[in-house]
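# Per-entry structural report
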Amino acid sequence: MENGEFNEEERPSEVRKPSRLKYVIEGLIYIALIVVCVYVVPKYVIQRTVVSGESMEDTLHDAESLLIDKISYRFTDPKRYDIIVFYPKGRDVDEYYVKRIYGLPGETIQIKGNDIFINGEKIDDPYAKDSMSTGGIANEPYTLGKDEYFVLGDHRSVSQDSRFTPETSNDKNAPGPVKFENISGKVILRIWPLSKFGVP
């Protein structure tokens, strides 16, 4: 270097300041990600929910936190023994139940004592905590509609489930058979307490 001049090798590289447009674009991307995480994911993909009550003991217990898969049932049908979250009074009412599926659309279900029959054949029932005092509407053969599911709580003596309707039990909270449109999603993971973390 002579007289304050730089050779090509010594010339300092230019530092370009990020343009204002770049900052705007990055800001919009961050906002979009926040909107997706806060609003879109919980509504359409996966959601955290908390168990309230004893109706799913000994599988699930009061105050346990669960993750609900809300997208799978858009591509596959609910299956027998899936644990689901559903809205017993329809999606317009912000109240939900957690139960296990036993009867599928179009099937005929009957409960005799503690035995569950589907289309006349007894099925396995390994999840029941206790005995049933009544089969409710399934005391006699009950055929489900094309979009209906028959659900039971694992703790049968305290569970308000598909055995009971508002008309037959005089309980306005009795859900009866569950329509597919009222199923929010499938329970896929227990995340709290950490000592019981895993698939329920």
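Everything discussed here concerns the structure shown above.
What this report covers is the structure whose coordinates are included nearby. (Residues numbered from 1 in each chain as written. Predicted model: local features only at pLDDT ≥ 70, side-chain atom pairs only at ≥ 80, totals over all residues. Heavy atoms only, no water.)

## Observations concerning the sheet that holds strand β8 (residues 142-143)
Just so we agree on the cut-off: Pairing between two strands is assigned when DSSP locates at least 2 bridges connecting them. The helix and strand labels rest on DSSP assignments: H or I over at least four residues marks a helix, E over at least two residues marks a strand, and numbering proceeds from the N terminus.
On the basis of which strands lie adjacent, the open sheet formed by 4 strands has the order β7-β6-β5-β8 and antiparallel pairing. Two strands in the sheet have a free side with no partner beyond their single neighbour: β7 (121-122) and β8.

## Details of the layout of surface pockets
Quick reminder of the rule: We place a 1 Å grid over just the protein atoms. Points where a 1.4 Å probe fits but has no way out form a cavity, open points with protein on both sides within 12 Å along at least 5 of 7 lines form a pocket, and any residue with an atom within 4 Å of a point lines it. Grid points are joined across faces, edges and corners, and a volume is the space filled by probe spheres set on the points.
Counted as a void, the second largest pocket has a volume near 210 Å³. Taken together, 14 residues make up the lining of the second largest pocket; nearest its centre are S52, S55, Y96, Y97 and V98.

## Description of the side chain of R190
Filter applied, for reference: Polar contact is the term for a pair of N or O atoms within 3.5 Å; when the atoms are in protein, one must be able to donate a hydrogen and the other to accept it, and sequence-neighboring residues count only if both atoms are side-chain atoms. Here, two residues are considered to be in contact whenever any of their heavy atoms come within 4.5 Å of each other.
Within the element layout of this structure, R190 appears in strand β11 (residues 183-192). Reaching out from R190, the side chain makes a polar contact with the side chain of E64 at a distance of 3.0 Å. With near-sequence residues (within four places) excluded, R190 lies in contact with T59, L60, E64, S65, L66, K196, F197, G198 and P200.

## A word on the sheet that holds strand β2 (residues 65-69)
Spatially, the 7 strands line up as an open sheet ordered β1-β2-β11-β3-β4-β9-β10, and their pairing is antiparallel. If you trace the sheet from one side to the other, it starts and ends with β1 (46-50) and β10 (178-179), each paired once. Pairing geometry for β2 and β11, over 5 bridges, is antiparallel. By the bridge assignment for β11, I68 is matched with V187.

## Topic: the packing of aromatic side chains
The description of two aromatic rings rests on the distance between their centres and on the angle between their planes. Rules: To pair, rings of Phe, Tyr and Trp, with the six-membered ring standing in for Trp, must have centres within 6.5 Å; the planes then decide the type, stacked if under 30 degrees apart, edge-to-face if over 60, and tilted in the middle. Relative accessible area decides the class of each residue, using a 1.4 Å probe on protein chains only: under 20% of the type maximum gives buried, over 50% gives exposed, and in between gives partly exposed. By definition, being over a ring means that NZ of Lys or CZ of Arg is both within 6 Å of the ring centre and within 35 degrees of the ring normal.
Throughout the structure, instances matching the rule amount to 3 aromatic pairs. Relative to Y102, the ring of Y81 lies with its centre 5.5 Å away and its plane at 90°, an arrangement referred to as edge-to-face. Taken as a pair, Y81 in the loop between β2 and β3 (83-86) and Y102 in strand β4 (residues 97-103) lie far apart in primary sequence, 21 residues in all. Among the residues examined, Y81 registers a relative accessible area of 23% and is labelled partly exposed. On the numbers, 5.8 Å between centres and 75° between planes, the contact of F86 with Y97 is edge-to-face. Separated by 11 residues along the polypeptide, F86 in strand β3 and Y97 in strand β4 bring together distant segments of the chain. F86 gets classed as buried once you look at its relative accessible area, which sits at 1%. Members of the aromatic cluster, joined through ring pairs, are Y81, Y102 and Y127. Positioned above the aromatic ring of Y97, the side-chain terminus of K99 is 5.6 Å from the ring centre. Between the NZ or CZ atom of R100 and the centre of the ring of Y127, over which it lies, the distance is 3.6 Å.

## Describing the nonpolar core
Put simply, the test is: Joining through side-chain atoms within 4.5 Å is the link that ties buried Ala, Val, Leu, Ile, Met, Phe, Trp, Tyr and Cys residues into a set, and such a set is a nonpolar core.
The biggest cluster of nonpolar side chains holds 12 residues, and these are Y102, I109, I111, I116, I118, I123, M132, I137, A138, L144, F150 and L152. At the level of elements, β5 (108-112), β6 (115-118) and β9 (148-152) are the ones that each hand at least two residues to this core. When residues no more than four places from it in sequence are discounted, the contact partners of I116 are Y102, I109, Q110, I111, E121, K122, I123, D125, M132, L152 and R156. Counting residues in hydrophobic clusters, the runner-up holds 10 residues, among them Y97, Y149, V151 and I183.

## Some details on the pairing of β6
By the bridge criterion, 4 bridges tie β5 to β6 in an arrangement that is antiparallel. The residue of β6 that forms the bridge with I109 is I118. Turn length for the β5-β6 hairpin, with the two strands adjacent in sequence and antiparallel, is 2 residues, and the turn residue G113 shows positive phi of about 65°. Of the pairings in the sheet, the one linking β6 to β7 comprises 2 bridges and is antiparallel in character. Bridging across to β7, I118 finds its partner in E121. Hairpin connection between β6 and β7: a loop of 2 residues separates the two successive antiparallel strands, and N119 in this loop has a positive phi of roughly 50°.

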